[in-house]
Amino acid sequence: VKEFDEVGKCAMAKIGSQFYILKSDGSEISVEGVNALKDFNEGIAEAKKGDKWGYVDGNGKWLVQPIYDKNNKFEYGYGRIFSGVKWGAANTKGDIVLQPKYHRLHVLENGLFSFKESEEGKFGIVNSKGEVVVNPSYDDIKDFKDGFARVKLGDKWGMINRQGKLVIPIQYVRMSDFSSK
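Keep in mind that this is a model prediction, so the values were computed, not measured. In this numbering scheme, every chain counts its residues from 1 along its sequence in written order. The predicted origin of the model limits local features to residues at a pLDDT of at least 70 and limits the giving and counting of side-chain atom pairs to 80 or more, whereas totals for whole chains, interfaces and linings rest on all residues. Excluding hydrogens and water, the side-chain values take into account all heavy atoms of the structure.

A. Expanded view of the pairing of strand E2 (residues 18-23). Pairing analysis gives six bridges linking strand E1 (residues 10-15) to E2, with the strands arranged antiparallel. Looking across to E2, one finds that Met-12 is bridged to Ile-21. Connecting E1 to the antiparallel partner E2 that follows it, the hairpin turn spans two residues, and Gly-16 within it adopts a positive phi of roughly 65°. Pairing between strands is defined by DSSP: at least two bridges between the two strands are required. A run of DSSP states H or I qualifies as a helix once it reaches four residues; a run of E qualifies as a strand once it reaches two. Both are numbered from the N-terminal end. By the bridge criterion, four bridges tie E2 to strand E3 (residues 28-31) in an arrangement that is antiparallel. Along E3, the bridge assignment pairs Tyr-20 with Ser-30.

In structure tokens:
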């Protein structure tokens, strides 16, 4: 039995080769046909059928069909999907909001993702509608904390806000996350 997910009010369990979803009321739901089921996060779990991955909800229903080569747990309302050699993203409704076309893709928050189009390329930020918020111009972009994200160019760091405006110049060798606490 894995960790209990507060959002989905469930946990993944396995007996032999059979996977189950344990509900908070003590009931269990058999998840048929899957050969791997990972921890629930935000009420959704990565599930594998054959050699392809998708997502199931807390009732064992396929939210995203198992047609992807890889996927990752849900964070901030989105899960990353991998097809061929590119990453995309799905939302909690099971909609593919970003088609797999990114070399690198990381869920930030508030429907924002850092992305890189190629190995040699720079990082930018795209929203869940596929609109580029920050043009690819950074060597790294870290998660937003209290509305600000660290960005790296060369060996120096600065900070941007959610609109992509540089609020602390890129001039620091080291920089911690911003915290209003």
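This is not the end of the story, as more comes after the structure.
B. Representation of the sheet that holds strand E17 (residues 148-153) in the model. An order of E16-E17-E18-E19 is seen for the four strands of this open sheet, with the pairing classed as antiparallel. In this open sheet, the two strands that pair with only one neighbour each are strand E16 (140-145) and strand E19 (166-172). Across this sheet, the average inter-strand angle for adjacent strands is 15°, counted without regard to direction. Lines fitted to C-alpha atoms define the axes here, with helix axes fitted over just the stretch in contact, and angles between the N-to-C directions of these axes take values from 0 to 180 degrees.

C. Broad picture of the pattern of salt bridges. What makes a salt bridge here is a side-chain nitrogen of Lys or Arg within 4 Å of a carboxyl oxygen of Asp or Glu, nothing more. Enumeration over the complete set of coordinates arrives at seven salt bridges. Taking the shortest distance from any N to any O, the salt bridge between Asp-139 and Lys-122 comes out at 2.6 Å. Of this pair, Asp-139 sits in the loop between strand E15 (132-138) and E16 while Lys-122 sits in the loop between strand E13 (112-116) and strand E14 (123-127), and the two are 17 residues apart along the sequence. Throughout, exposure labels follow a simple rule: accessible area from a 1.4 Å probe, protein chains only, divided by the maximum for the residue type, with under 20% read as buried, over 50% as exposed, and the rest as partly exposed. A relative accessible area of 31% places Asp-139 in the partly exposed class. The exposure class assigned to Lys-122 is partly exposed, which follows from its relative accessible area of 33%. The salt bridge partner of Asp-177 is Arg-150, with a shortest N-O separation of 2.8 Å. Note that Asp-177 is positioned in the segment after E19 and Arg-150 in strand E17, a separation of 27 residues in sequence.

D. Expanded view of the sheet that holds strand E6 (residues 52-57). Pairing is antiparallel across the open sheet formed by four strands, whose spatial order is E4-E5-E6-E7. The outermost strands of the open sheet, each flanked by one partner alone, are strand E4 (36-41) and strand E7 (62-68). With strand direction ignored, the average angle separating the axes of adjacent strands in the sheet is 15°. By the bridge criterion, three bridges tie E6 to E7 in an arrangement that is antiparallel. When the bridges of E7 are listed, Trp-53 appears paired with Tyr-68.

None of this, on its own, says anything about what the molecule does.
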